[in-house]
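Residues per chain, in single letters:
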Amino acid sequence: MGRASAAGGGGGARRWLSWLGLCFWAVVAAAARGTDNGEVLPESIPSAPGTLPHFIEEPDDAYIIKSNPIALRCKARPAMQIFFKCNGEWVHQNEHVSEESLDESSGLKVREVFINVTRQQVEDFHGPEDYWCQCVAWSHLGTSKSRKASVRIAYLRKNFEQDPQGREVPIEGMIVLHCRPPEGVPAAEVEWLKNEEPIDSEQDENIDTRADHNLIIRQARLSDSGNYTCMAANIVAKRRSLSATVVVYVNGGWSSWTEWSACNVRCGRGWQKRSRTCTNPAPLNGGAFCEGMSVQKITCTSLCPVDGSWEVWSEWSVCSPDCEHLRIRECAAPPPRNGGKFCEGLSQESENCTDGLCTLDKKPLHEIKPQRWSRRGIENASDIALYSGLGAAVVAVAVLVIGITLYRRSQSDYGVDVIDSSALTGGFQTFNFKTVRQGNSLLLNSAMQPDLTVSRTYSGPICLQDPLDKELMTESSLFNPLSDIKVKVQSSFMVSLGVSERAEYHGKNHSGTFPHGNNRSFSTMHPRNKTPYIQNLSSLPTRTELRTTGVFGHLGGRLVMPNTGVSLLIPHGAIPEENSWEIYMSINQGEPSLQSDGSEVLLSPEVTCGPPDMIVTTPFALTIPHCADVSSEHWNIHLKKRTQQGKWEEVMSVEDESTSCYCLLDPFACHVLLDSFGTYALTGEPITDCAVKQLKVAVFGCMSCNSLDYNLRVYCVDNTPCAFQEVVSDERHQGGQLLEEPKLLHFKGNTFSLQISVLDIPPFLWRIKPFTACQEVPFSRVWCSNRQPLHCAFSLERYTPTTTQLSCKICIRQLKGHEQILQVQTSILESERETITFFAQEDSTFPAQTGPKAFKIPYSIRQRICATFDTPNAKGKDWQMLAQKNSINRNLSYFATQSSPSAVILNLWEARHQHDGDLDSLACALEEIGRTHTKLSNITESQLDEADFNYSRQNGL
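Definitions and cut-offs
- Throughout this document, residue positions are counted from 1 along each chain, in the order its sequence is written.
- The predicted origin of the model limits local features to residues at a pLDDT of at least 70 and limits the giving and counting of side-chain atom pairs to 80 or more, whereas totals for whole chains, interfaces and linings rest on all residues.
- Side-chain numbers here rest on the full set of heavy atoms in the structure, without hydrogens or water.
- Secondary structure elements are defined from DSSP: runs of H or I of at least 4 residues count as helices, runs of E of at least 2 residues count as strands, and each element is numbered from the N terminus.
- The rule is simple: take the accessible area with a 1.4 Å probe, protein chains only, and divide by the maximum for that residue type; under 20% is buried, over 50% is exposed, in between is partly exposed.
- Values of accessible area rely on a 1.4 Å probe in the Shrake-Rupley scheme; residue burial ignores everything except the protein chains shown.
- To qualify as a nonpolar core, a set must consist of buried Ala, Val, Leu, Ile, Met, Phe, Trp, Tyr and Cys residues joined through side-chain atoms within 4.5 Å.
- Contact definition: two residues touch when any of their heavy atoms are within 4.5 Å.
- The definition used for a disulfide is geometric: two cysteine sulfur atoms within 2.5 Å.
- Note on aromatic contacts: the rings of Phe and Tyr and the six-membered ring of Trp form a pair at centre separations within 6.5 Å, being stacked when their planes are under 30 degrees apart, edge-to-face when over 60 apart, and tilted otherwise.
- In short, DSSP must find at least two bridges between two strands for them to pair.
- Only the stretch in contact is used when fitting a helix axis, every axis being a line fitted to C-alpha atoms; angles between N-to-C directions are given from 0 to 180 degrees.
- If an angle is under 35 degrees, it is roughly parallel; if it is over 145, roughly antiparallel; if it lies from 65 to 115, roughly perpendicular; otherwise it is oblique.
- We call a crossing left-handed when the near helix sits turned anticlockwise from the far one by less than a right angle, and right-handed when that turn is clockwise.
- Basically, the charged four are Asp, Glu, Lys and Arg, the nonpolar ten are Ala, Val, Leu, Ile, Met, Phe, Trp, Tyr, Cys and Pro, and anything else, Gly included, counts as polar.
- Note that the arc is computed from the directions linking the helix axis to the C-beta atoms.
- Exposure above 30% relative accessible area and no salt bridge define the residues that can form patches, which grow by joining like charges within 9 Å and nonpolar side chains of Val, Leu, Ile, Met, Phe, Trp and Tyr within 5 Å.
- Here a salt bridge means any side-chain nitrogen of Lys or Arg lying within 4 Å of a carboxyl oxygen belonging to Asp or Glu.
- This count recognises Lys and Arg as positive and Asp and Glu as negative, with His and chain-terminal groups excluded.
- The location of each charge is read from NZ of Lys, CZ of Arg, CG of Asp or CD of Glu.
- The span expected for a helix works out to 1.5 Å for each residue beyond the first.

A. Structural context of the overall build of the protein chain. Counting its regular elements, the protein chain contains twelve helices and 54 strands. Within the span of the protein chain, comprising 957 residues, buried residues form 41% of the whole. About 52,400 Å² of surface is accessible on the protein chain, with carbon and sulfur atoms providing 51% of the total.

B. Region of the structure containing the nonpolar core. Ranked by size, the top nonpolar core spans 68 residues in total, and within it Leu568, Leu622, Leu712, Ile810 and Ile812 carry the most contacts. Once you skip the residues sitting within four places of it in the chain, Ile812 turns out to touch Val697, Val714, Cys716, Leu745, Leu754, Gln755, Ile756, His818, Glu819, Gln820 and Leu822. Counting 30 residues, the second largest nonpolar core, distinct from the first, contains Ala883, Phe895, Ala911 and Leu919.

C. Spotlight on the state of the cysteines. Per the stated rule, a full pass over the model turns up seven disulfides. Covalently, Cys263 is tied to Cys300 through a disulfide, its sulfur atoms 1.8 Å apart. Handedness here is read from the sign of the S-S torsion; for Cys263 and Cys300, about 80 degrees, the answer is right-handed. With Cys263 in the loop between β21 (244-249) and β22 (268-275) and Cys300 in strand β23 (residues 295-302), this residue pair connects regions lying 37 residues apart in the sequence.

D. Broad picture of the packing of aromatic side chains. What the rule picks out here adds up to 16 aromatic pairs. Taken together, a centroid distance of 5.7 Å and an interplanar angle of 35 degrees make the contact between Trp90 and Trp138 tilted. Here Trp138 lies in strand β8 (residues 131-139) and Trp90 lies in strand β5 (residues 89-90), a separation of 48 residues in the sequence. Judged by relative accessible area, Trp138 falls into the buried class, the value being 4%.

E. Main features of the pairing of strand β32 (residues 547-552). The side-chain alternation of β32 yields one buried face, formed by Thr548, Gly550 and Phe552, and one unburied face, formed by Arg547, Thr549 and Val551. Where β32 and strand β35 (residues 581-587) come together, six bridges link them in antiparallel fashion. Bridged to Arg547 within β35 is Ser586.

F. Focus on the packing of helix α7 (residues 859-869) against helix α10 (residues 901-912). At their nearest, the axes of α7 and α10 sit 8 Å apart, and the two run at 135 degrees to each other. Judged by the angle between their axes, α7 and α10 are oblique. Like other packed secondary-structure pairs, α7 and α10 cross with a definite hand, here right-handed. Across the interface between the two elements, Arg862, Ile865, Cys866 and Phe869 from α7 touch Ser902, Ala903, Leu906 and Asn907 from α10. The class makeup of the residues in the contact of α7 with α10 is five nonpolar, two polar and one charged.

G. Quick look at the side chain of Ser795. Tracing the backbone shows Ser795 in strand β51 (residues 790-798). When sequence neighbours within four positions are dropped, the list of residues in contact with Ser795 reads Tyr710, Asn711, Arg767, Ile768 and Lys769.

H. Structural view of α7. Restricting attention to buried positions, one finds in α7 the residues Tyr859, Ile861, Arg862, Ile865, Cys866 and Phe869. Mapping the buried residues of α7 onto a view down its axis gives an arc of 160 degrees, with all of them on the same face.

I. Molecular detail of the environment of Leu52. Considering the arrangement of structural elements, one finds Leu52 in the loop between α1 (2-33) and β1 (54-57). On the basis of relative accessibility, which here comes to 45%, the residue Leu52 falls in the partly exposed class. Residues Leu52 and Ser139, 87 residues apart in the sequence, show an inter-C-alpha distance of 6.1 Å.

J. Seen up close, a negative patch on the surface. A surface patch of negative charge is lined by Glu650, Glu655, Asp656 and Glu657. Relative to the helices and strands, Asp656 is located in the loop between β40 (648-653) and β41 (662-665).

K. Summary view of the sheet that holds strand β33 (residues 557-561). On the basis of which strands lie adjacent, the open sheet formed by six strands has the order β41-β42-β38-β34-β33-β54 and antiparallel pairing. Each having just a single partner strand, β41 and β54 (848-850) make up the two edges of the open sheet. The mean angle between the axes of side-by-side strands here comes to 15 degrees, regardless of whether they run parallel or antiparallel. Pairing of strand β38 (residues 620-625) with strand β42 (residues 669-674), which is carried by six bridges, proceeds in the antiparallel orientation. When the sheet's bridge partners are listed, Leu622 is paired in β42 with Val672. Sheet contacts for α10: β33, β34 (566-570), β38, β41 and β42; angle to β42, the most-contacted strand, approximately 150 degrees.

L. Quick peek at α10. Between its terminal C-alpha atoms α10 stretches 17 Å, which fits the 16 Å expected from twelve residues at 1.5 Å a residue. Counting buried positions along α10 gives eleven out of twelve residues, so the element sits mostly inside the fold. Listed in full, the buried residues belonging to α10 are Pro901, Ser902, Ala903, Val904, Ile905, Leu906, Asn907, Leu908, Trp909, Glu910 and Ala911.

M. Quick peek at a nonpolar patch on the surface. A contiguous nonpolar patch, built from Ile171, Leu222 and Leu284 and spanning about 220 Å² of accessible area, is present on the exposed surface. On the secondary structure map, Leu222 appears in the loop between β18 (215-217) and β19 (226-233).

N. Summary view of unusual backbone geometry. Residue Val185 is joined to Pro186 through a cis peptide bond whose omega torsion reads -5 degrees. Relative to the helices and strands, Pro186 is located in the loop between β14 (184-185) and β15 (189-194). The omega angle of the peptide bond from Asn280 to Pro281 is 0 degrees, so this bond is cis rather than trans. Tracing the backbone through its elements, the reader meets Pro281 in the loop between β22 and β23. Even without being glycine, Cys323 reaches a positive phi, approximately 65 degrees. Checked against the element boundaries, Cys323 lands in the loop between β23 and β24 (324-328).

O. Quick peek at the pattern of salt bridges. Within this structure, the stated rule accounts for 21 salt bridges. Where Asp61 meets Arg147, a salt bridge forms, and the shortest distance between an N and an O atom there is 3.6 Å. Of this pair, Asp61 sits in the loop between β1 and β2 (62-64) while Arg147 sits in the loop between β9 (142-145) and β10 (149-153), placing them 86 residues apart in sequence. Among the residues examined, Asp61 registers a relative accessible area of 41% and is labelled partly exposed. The closest approach of N and O atoms between Arg73 and Glu112, which form a salt bridge, is 3.0 Å. Within this pair, whereas Arg73 is found in strand β3 (residues 70-77), its partner Glu112 is found in strand β7 (residues 109-117), the two being separated by 39 residues in sequence.

Quick look at the structure:
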C-alpha cells in the first residue's frame, strides 16, 4: 500500500514537473516571438529521453565582407526548440530558419536553426565588446547554451604601418627587413616577394619569415640581392608595401703575387716587378676595393751583351775531284756573349779551282751553260703569249657590256627622271622631278605645251608609308595634267616639340591638284599653338563624323579623334613586319548601351576601336576622357568592355592589381594599356557623398520666331570634350550662339538638386516670362545626365525693337554645393555679335599619324633608354625606378610580365603627353636616376632629323 502510494505520489510529481515544463516553454516561446498572448504555442512537444540538449554544431566566429550578410547556424539533439540570443537579447522568431530531422541511430529528433546577421546590425551595436550571438536549446528536462560567436566587420587599411627599408650588407652578413602590415580585421597575413616572386622559407633554411612578419636572411648571399616587397592580405583585400632594394656587396681581396719579371734593361742597372690583382674575391655591388699596393718593384743589374765578330778567312783547301776548293772562318773574334748577336754572313766559301778546264758529264763547262739559257728564253716567250690572250678577252667583254647598256638606254620608255633618289628612300630632302621626252605615252595629256614658268613648292615632310607609295612617287600620272613640273620638298621640324611646317602651294591655277590621285594620308606632325584660338561653330564635325580610320604597319603610329580627347597609340613593333591594318575608332553618340546598375554612373563616352580580330604583340594605349573628380577615397572606378553578345563585363577596377591590362587615371583622362580591341567605357561607383562629377556649364542664345523674344539655353553636360561637342553640334543646327566661355561645376553625389536662375535683367529694357526665372533639376537627372545633354530654356522679351544689347547673369548652383556664375554681355544682332572662344585646337587635322614622327621620343633615344633600364640593376636603377619617376607607382607587376618593361612605360608616357610633348620632364627623371646624362630637351633639330633618317634607312624606308 505504501509502495502504491509512493508510486502514485511519484507519478503525481512527474506530472507536476511536466506541467511546469510546459508552462516554462510557453513563456519562452512567447518571449522569442516577441508577440502578445494571442499567438498559439507549438502544436506538440516532442517526447525525449531524460537528457539535456547536446549541440552537434555551434555557431562560429564570422566576418562581414563589404555589405554581404553572414549566416550563423547551430544544431542540437534532442531539442524541442532552439533560439538565438544576440548581445543579451532574443532574436525574433521570424528571423529564424529551422529544420528538423530524425537521428536514425538514436531515434532522437535533431533540430538545426540559422539566422542572418547584416552589416547594419553590427554597425548599430555599441557595446563594450564585439557583437556576439549564442544558441539556446530546450528539452523537457532543461536548456543548454552554445558558445558565443562574435561577428565583426572585416576590413584592411591601405597604408602599411611600417614599410621595409632597403639595405646594403656585406656577403655572409645578416639581413633583417621589417614589415608591419596595415591594420585589419581579421589580422592580415604577410607574404614576402623577391623580384615579384613569392619567397618560400621552408625550401630555404637560410631565410626566416616567421618572426613578427619580418624577413630575416641569416647569411647574405649574392643571389639575395633584389627588390623585396611585403604583401599583406586578409579575406577583404590585398595590399603591397613599397619595394625595398637589398644589395649584397663583396669587399675585394688580393690574389697571390706573381713571379718576378725579367730585368727591364739588357745592359746595366734596371728594375724588375711583380703584381697582384684584387680578384680574390673581386669587389661586387659597390664593395670596397683592396687596400695596399698592386705592384712591387726592385732594382736589378744585367750583364751587357757582346756581339760576335768573324775571324780572318783560312787558306784555300786542296782542289777536290769536283774541281772546287774551300775556305772557312769562325765567329770568335770575339764570340757572342750575354745574349749578343751572332755574326752575319757565311762561315764557308767554295769556288772552281781549274779556271774552266774541269768537265761535267763528259762535257766542257762552257758548253753546258748556253743550253740552259736557251730553255729559259723559250719559257718566257710562252708566258707572253698567254698574257696577251687574257688581255684581249677582257677588252672584248668590256666592249660587249658597253654595247648592251647603250642599247637598253635607247629602248627605254621612262618619261620621268628622278634627279634626287632620296625621295624614293623616304628621306626628308629636297628632290625635283622633270620630264625629258615630250611624246611619252605615259602622260595623259602629252600634247600640252610645257609651261616653264610653273613652279610648285610643297613645304613640309613627306613620309612614304609603304612600297606602294614609292611606286606612286615614280608614276608620271601623279603630276598630270602638267607636263613639266618641279616639286621641291623642304623639311624643318622639331620632334621634341611636335612642330612641323604647313604645306604651301605656289603657282598658276590649273585644273589638276597636287598630289593627284593619291588619297593616302601623309605621316606628318601638325602645329599646335600654345595659345588656344577661336574655332567657330561651323568648323566642328557633325555627329556622323565621330569616327576616324588609319592604316598602320610595323612602325606604329597614333590615331586621334579631333576635339574629343580620345586617341589610340599603336607602338612600334606592335604589328608584325610586312603587315598593315586599317584601324578604326568611333564614339557612340546615341543612347548608351551601358545600363548603370544601382548607384553606378557612366563617366566616359563609349569608345570602340578595331578591327576586333587584330592581334598585337605589344600593348597599345587607349586614352578615354572622363568627368570624375579623381579620388580613390570617394570613387570606385571600373573599366568595362562590351562582349560580342552586347553585354558589358568588368575588365578591372582602376585600383586593382592585374597583369592583363593597366589603367592610369589622370585628372581628365584615363590611359589604358590593352592587347585586344573592342568597345570600352569607364563607370564609377560613389563610395561617399563627397564623390564629385565635373560638369561643364554653358549658355547659348538665339532669336525666336517673334522678333521681340530672345531665348537662352543653359546646358549642364559631363566635362568631356565629346559631350560638349555634341551640344555645339545641336546648337549649330538651331542657330545658337555661345554667349560666355564655359565653366566647370563640381557636382557632388549628396542627392541635392541643381538650381538654374537668371539674375540682374535690365528692368526697363527686358523682362522674363513668368514662372521661368528659376528652374530646379532633380539630382538623379543631373547625376545620370550622360543619356542626353541636360539644358534649361529661358525666354526673354524686350520692350522695344531698338533694344539690341543684353546683359544678365546666369546662376547655376547645387544646393549645399558648388556655384558658378555666367556673365552674359552680348548683342542680339548677328552683325554686332562677338564670337566667344569655346574650343581649343587640341588635335591634328590629320587624325592618323604613322611612323616615327607620331612619337615624341626619337626612336634612337628610345632604344638607348630601353637597353639601359631593361637590364636589372642591384641598386634598383632599372625600369621600376623609371616608372616611379614618371608617377607610375601602382601595379608594377603588369610591366614585369612584358618583354621590355621600359618600352611599355615609354608608350604610356607617349599617351599621357601627346599634346605637350614634355621631354624636359622625362630628361629630368633620367638625370635624377643617374643612369644617363643626355638631355632630351637639348637635342638639336638636325640631330633629331639625322636620327630619324638613319632609322628610316635601317627599316627600308
